[in-house]
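What the coordinates show
Residues per chain are reported as follows:
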Amino acid sequence: MMIRLRAGMKKWRFRFMERLNKQMVEAPARPVRVLQFGEGNFLRAFVDYMIDIANEKTDFNGSVVLVKPITFGNLDMFHEQDCRYTVMLRGLVEGSPVEMSRTITSVSDAVDAYGEYEKYAAYAKLDTLRFIVSNTTEAGIVLDENDRFDLCPPNTYPGKLTKFLFERAEAFDYAQDKGLIILPVELIDDNGIELKRCVKALVKLWKLGEKFEKWLDEKLGNEKMEKLIIAVAVVLSVLFSVGLFMLLPTAIAGLVEFFTDSVLVRNLVDAVLRIA
């Protein structure tokens, strides 16, 4: 990368910036704990940034492997910089402008699910793997009944995830402690629930067996329990909203009685609070 530096008010001079690499920004080798479908700026400046901080501030001690889940594009820039990159933060802290930069070292590798399928698939058998994060865009979580298990990899993200989880379950003989925590951040309603629906549908469509279905149910949760949790959350939200609307204004209006005996003032305060 070439940047232009201004020297005083008269001269311009040029300097080439060196690309980041492991030698410039060292970091200890850490076990792979996160497989990330999607290598875009959002995940790298959000999820991978937080994992980088967790490595520094806590005992998380894990690295991320990025997966390119689509056929087009390449990972050349990642490999040229040994997966090092810089996140710039600009904003206000207590009203004062602040600018911070951080070189991210939490990403240890980037793999092409199509061009490097065997390397990608091998992560399903990795003992240290614990999390799968994804951002495959709003169109990524979709059930395609024409997707196929025998493809390497399957076309859709739910297809890739289903095959990956099946191969992991098989590799570890369906051990209960080898399940993964799935964190989809695609911007659709109920993204996790929808992803699970697609995965379970593909399990049946591909006839992957009751043993795998049972393992998934134990790892991904019970559907009835999910519906119960959602229903309880809705009820609590409604009760909380009603409580704020009905009880809080009344309580505050009651406090006004200590300062005035005027019924008009108390009713006025109560009305203003309800409108607000």
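Right above here is the structure, for reference.
To start, this report covers the structure provided alongside it. (Residues numbered from 1 in each chain as written. Predicted model: local features only at pLDDT ≥ 70, side-chain atom pairs only at ≥ 80, totals over all residues. Heavy atoms only, no water.)

It is worth spelling out helix α4 (residues 157–171) at this point. For α4, built from 15 residues, the straight-helix expectation of 21 Å at 1.5 Å per residue is met to within 8% by its first-to-last C-alpha distance of 21 Å. Buried residues dominate α4, accounting for 12 of its 15 residues. The N-cap residue of α4 is Thr 156: its side-chain oxygen and the backbone nitrogen of Gly 159 are 3.0 Å apart. Two residues or fewer after α4 comes Asp 173, characterised by a positive phi angle close to 55°. (Helix = DSSP H or I, 4+ residues; strand = E, 2+ residues; numbered from the N terminus. Expected span 1.5 Å × (residues − 1). Buried < 20%, exposed > 50% of the residue type's maximum accessible area, 1.4 Å probe, protein only. Polar contact = N/O pair within 3.5 Å; in protein donor to acceptor, adjacent residues only side chain to side chain.)

This next bit is on the pattern of salt bridges. Tallying each qualifying case throughout the model produces 13 salt bridges. The partner of Arg 19 in a salt bridge is Glu 80, with the nearest N and O atoms 3.6 Å apart. With Arg 19 in the loop between β2 (11–16) and β3 (32–37) and Glu 80 in helix α2 (residues 76–80), this residue pair connects regions lying 61 residues apart in the sequence. Taking relative accessible area as the criterion, Arg 19 reaches 40% and is therefore assigned partly exposed. In the salt-bridge network here, residues are joined through shared partners; they are Asp 52, Glu 56, Lys 57 and Arg 102. (Salt bridge = Lys/Arg side-chain N within 4 Å of Asp/Glu carboxyl O.)

Okay, the sheet that holds strand β4 (residues 63–68) next. Taking strand neighbours across the sheet as the criterion, the five strands line up as β7-β4-β3-β8-β9 in an open arrangement whose pairing is parallel. Edge positions in the sheet fall to β7 (107–112) and β9 (181–184), since each of these pairs with one other strand and no more. Between one strand axis and the next, the sheet turns through 20° on average, direction left out of account. Across the sheet, helix α1 (residues 41–57) lies against β3, β4, β7 and β8 (131–134), angled at about 170° from β3, the strand it touches most. (Pairing = 2+ DSSP bridges. Axes fitted to C-alpha atoms, helices over the stretch in contact; angles between N-to-C directions. Contact = heavy atoms within 4.5 Å.)

Following the sequence through the fold, Lys 57 ends up in helix α1. Only 3.3 Å separates the side chain of Lys 57 from the side chain of Glu 56, close enough to count as a polar contact.

Taking 1.5 Å as the rise per residue, α1 with 17 residues should run 24 Å; its terminal C-alpha atoms sit 23 Å apart, in good agreement. Residues of α1 that are buried include every one of Leu 43, Arg 44, Val 47, Asp 48, Tyr 49, Ile 51, Asp 52 and Asn 55, and no others.

By the alternation rule, side chains of β9 split into Ile 182 and Pro 184, which are all buried, and Ile 181 and Leu 183, of which none is buried. Summarising the sheet, β8 and β9 pair through four bridges and their orientation is parallel. The residue of β9 that forms the bridge with Ser 134 is Pro 184. For the segment spanning β8, α4 and β9, crossover handedness is right-handed. (Right-handed = clockwise from strand over helix to strand, strands pointing away.)

Attention now goes to the side chain of Thr 105. In this fold, Thr 105 is placed in the loop between β6 (96–104) and β7. On the accessibility criterion, Thr 105 (15% relative accessible area) is buried. When neighbours within four sequence positions are excluded, Thr 105 is seen to be in contact with Val 25, Ala 27, Arg 30, Asp 52 and Arg 84.

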